[in-house]
Amino acid sequence: MKNPNLLFRRTHLYLGMILLPWVAMYAVSTFMLNHGEHFRPRPADLQWRQLWEKDYAFEVPPGNDTLRDTAGRILAENGVTGAFGVQRQGQQRLVINVQNFFNPTRVTYDLAGKKLRAETRRNTGPEVLIRMHERTGYGRGGVLDNIWAFAVDLFCVTTLVWIGTGLYLWWKISSVRGWGFLAIAGGVATILVLLATL
């Protein structure tokens, strides 16, 4: 393509179209996080449904250094897959939360009673969007989890390229450079004032 301006315009246009669903998702979910009191699930939506409960003996090491490895072994031995987080509840209970946008699973191990219980529930629409917003990181589950993390990286890089092409196109229109500088300065000033005062 001989005309660089046309190349930048088309790059900016199509990157914007690619970014559209991701920007919309982050915008809507951020609004929900900012107004969380209006989007909290009803108590009935938070009810967990038991999938199974079984006798299960597993030696859980003290401390938290190997807690994630321990949780991974428990899940693997019981056929539960997916990205997960783990925490202790007191000294006698281990809670593993297996992530899923629509149907998360909670696996609870009772160290004293040697019982393992798996439960699930269905996320509400706002919860699904918020989970999409919060889900990041490599090495937290299987291949699909890494694909999601890669997609987030790609979104970040694409956004920076989109900003760069937008700045180039703005700079090429000399008649609006002053307004552009004013807009950029306003955005930067807003962030600096909030950082200095909050």
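The structure we're discussing is the one just above.
Heads up: these notes are all about the structure in this document. (Residues numbered from 1 in each chain as written. Predicted model: local features only at pLDDT ≥ 70, side-chain atom pairs only at ≥ 80, totals over all residues. Heavy atoms only, no water.)

### A closer look at the sheet that holds strand β5 (residues 115-120)
Argument step 1. Sheet architecture is open: five strands sit in the order β1-β5-β4-β3-β2, paired in antiparallel fashion. Of all the strands in the sheet, just β1 (49-55) and β2 (84-88) have a single pairing partner and so form its edges. The sheet shows a mean angle of 15° between the axes of neighbouring strands, taken without regard to direction.
Argument step 2. With six bridges joining them, strand β4 (residues 105-110) and β5 adopt antiparallel strand pairing. (Pairing = 2+ DSSP bridges. Helix = DSSP H or I, 4+ residues; strand = E, 2+ residues; numbered from the N terminus. Axes fitted to C-alpha atoms, helices over the stretch in contact; angles between N-to-C directions.)

### Overview of unusual backbone geometry
Argument step 1. For K114, which is not a glycine, the phi torsion comes out positive at approximately 55°.
Argument step 2. Along the chain, the position of K114 falls in the loop between β4 and β5.

### What about helix α1 (residues 4-34)?
Argument step 1. At L19, α1 shows its largest bend, some 45°, and a proline, P21, comes one to four positions later.
Argument step 2. Buried within α1 we find L15, L19, M25, Y26, S29 and M32.
Argument step 3. Elements in contact with the buried residues of α1: α3 (125-134) and α4 (143-172). (Bend = angle between axes of the 7 residues up to and from the residue. Buried < 20%, exposed > 50% of the residue type's maximum accessible area, 1.4 Å probe, protein only. Contact = heavy atoms within 4.5 Å.)

### Focus on the pattern of salt bridges
Argument step 1. For the structure on display, the rule yields seven salt bridges.
Argument step 2. Across the pair R135 and D145 runs a salt bridge whose closest N-O atoms are separated by 2.2 Å. A residue pair is termed long-range when its members are at least 10 positions apart, and R135 in the loop between α3 and α4 and D145 in helix α4 qualify at 10 residues. Considered together, R135 and D145 belong to a single accessibility category, that of buried residues.
Argument step 3. Among the ionic contacts, a cluster of salt bridges with common partners joins E53, R106, R117 and E119. (Salt bridge = Lys/Arg side-chain N within 4 Å of Asp/Glu carboxyl O.)

### Structural notes on the layout of surface pockets
Take a probe with the size of a water molecule and roll it over the atoms, and the empty space left behind shows itself.
Argument step 1. Of the volumes computed, that of the largest pocket is approximately 360 Å³.
Argument step 2. Forming the walls of the largest pocket are 17 residues, and the residues nearest its centre are N97, Q99, N100, R131 and E134.
Argument step 3. Contributions of two or more residues to the lining of the largest pocket are made by β2, β3 (93-98) and α3.
Argument step 4. Across the lining of the largest pocket, the residue classes tally to five nonpolar, seven polar and five charged.
Argument step 5. Each pocket or cavity is described by its volume, and for the second largest pocket that value is around 250 Å³.
Argument step 6. The wall of the second largest pocket is formed by 15 residues, among which G82, Q99, N100, R135 and D145 lie closest to the centre.
Argument step 7. Top element by residues in the lining of the second largest pocket is α4. It accounts for three residues.
Argument step 8. When grouped by side-chain class, the residues that make up the lining of the second largest pocket number seven nonpolar, six polar and two charged. (1 Å grid on protein atoms, 1.4 Å probe; cavity = no way out; pocket = protein on both sides within 12 Å on 5 of 7 lines; lining within 4 Å. Points joined across faces, edges and corners; volume = space filled by probe spheres on them. Nonpolar A, V, L, I, M, F, W, Y, C, P; charged D, E, K, R; others polar.)

### Brief notes about the environment of N64
Argument step 1. Counting through the fold element by element, N64 comes out in the loop between β1 and α2 (67-77).
Argument step 2. Through-space distance from the C-alpha of N64 to that of K114 is 20 Å; in sequence the pair is 50 residues apart.
Argument step 3. Within the structure, N64 has its side chain in polar contact with the side chain of R88 (distance 3.2 Å). (Polar contact = N/O pair within 3.5 Å; in protein donor to acceptor, adjacent residues only side chain to side chain.)

### Focus: α4
Argument step 1. Helix length check: α4 (30 residues) gives 43 Å between terminal C-alpha atoms against 44 Å at 1.5 Å per residue, within 8%.
Argument step 2. For α4, the set of buried residues is D145, W148, A149, V152, F155, T158, T159, T165, L169 and W170.
Argument step 3. Close packing links the buried residues of α4 with α1, α3 and α5 (177-197). (Expected span 1.5 Å × (residues − 1).)

### Comments concerning the nonpolar core
Argument step 1. Counting 17 residues, the largest nonpolar core has I74, L75, L94, I96 and Y109 as its most contacted members.
Argument step 2. The set of elements that each furnish at least two residues to this core consists of α2, β3, β4 and β5.
Argument step 3. Element by element, the count of residues in this core is highest for α2, at four residues.
Argument step 4. Excluding its chain neighbours within four sequence positions, the residues that come into contact with Y109 are Y56, A57, F58, V60, Q92, R93, L94, K114, K115 and L116.
Argument step 5. Core analysis: the next-biggest nonpolar cluster, separate from the first, contains eight residues, L19, W148, V152 and F155 among them. (Core = buried A, V, L, I, M, F, W, Y, C linked by side-chain atoms within 4.5 Å.)

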